[in-house]
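Letter by letter, the chains look like this.
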Amino acid sequence: MITYHSYNSLKRFDLGYLLGKAIEKSQQIVKFAIAVLFHLSNVFAEFPLKELYCHGPSFLGLEEDFLPRICARITYHGDPEFWSLNMDECQRVYDSKEVAALHVWKPILMLIWAIGVFYMVTSIFATWALRRRERLDPDIVETYQAIRMLFRQFRRAMDTP
């Protein structure tokens, strides 16, 4: 009776549909994970680099200054009064310089972070391996003791005349 009901319910069960849905969900999960990684990249790399470029020291970008003076310094053309009259062009020049700086600094920052994460993960695994090595497996200890006892018995048997 139970077998008949199990067979009947499995007969109506569509395995192809279930596998299709599972594949769709797994694709959505992978897409979401990739989107999260890119969002984290924007949050932890682009935003700080933009702020550092705009407000950081001069060797990393532009010292905090007002935009017409920055444009006069970047382009070596005109003075701050000229750029204050042409703010749209100045903003476009500044944005292009900022994007160029991000293209240079973002991969460097990501490489530094990747190296840091690699060393953290290897350190975690090394610590785990050391802790695991210090803790002996009881089965291995029991096997060692059994082999040692067998060798003692073998030695005793060889020593008796």
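Look a little higher up for the structure.
Residues numbered from 1 in each chain as written. Predicted model: local features only at pLDDT ≥ 70, side-chain atom pairs only at ≥ 80, totals over all residues. Heavy atoms only, no water.

Colleague: I tried to follow unusual backbone geometry on my own but got confused; where do I start?
Modeller: Trans is the prevailing form of peptide bonds, just as negative phi is the prevailing case for residues other than glycine. Backbone geometry at Y76 places phi at a positive 55°, although glycine is not the residue there. Following the sequence through the fold, Y76 ends up in the loop between α3 (67-75) and α4 (80-85). (Helix = DSSP H or I, 4+ residues; strand = E, 2+ residues; numbered from the N terminus.)

Colleague: Mind showing me how you'd approach helix α6 (residues 138-159) here?
Modeller: Each turn of an α-helix holds 3.6 residues, which means side chains three or four residues apart point in the same direction. Between its terminal C-alpha atoms α6 stretches 31 Å, which fits the 32 Å expected from 22 residues at 1.5 Å a residue. When you tally the buried positions in α6, you get zero out of 22 residues, a small fraction of the element. (Expected span 1.5 Å × (residues − 1). Buried < 20%, exposed > 50% of the residue type's maximum accessible area, 1.4 Å probe, protein only.)

Colleague: Looking at this model, I keep getting lost on a positive patch on the surface. Mind explaining?
Modeller: A contiguous patch of positive charge on the surface is contributed by R148, R152, R155 and R156. Considering the arrangement of structural elements, one finds R155 in helix α6. (Patch = residues over 30% accessible without salt bridge, like charges linked within 9 Å, V, L, I, M, F, W, Y side chains within 5 Å. Areas by Shrake-Rupley, 256 points an atom, 1.4 Å probe, with all protein chains shown as cover. Salt bridge = Lys/Arg side-chain N within 4 Å of Asp/Glu carboxyl O. Lys, Arg positive; Asp, Glu negative; His and termini not counted. Charge placed at Lys NZ, Arg CZ, Asp CG, Glu CD.)

Colleague: How do you make sense of the pattern of salt bridges when you look at a structure like this?
Modeller: The final tally for this structure, using the stated rule, is three salt bridges. Residues E24 and K21 are paired through a salt bridge, measuring 3.9 Å at the closest nitrogen-oxygen approach. Of the two residues, E24 and K21 both sit in helix α2 (residues 15-55), three residues apart, roughly one turn of that helix. The class for E24 is partly exposed, based on a relative accessible area of 41%.

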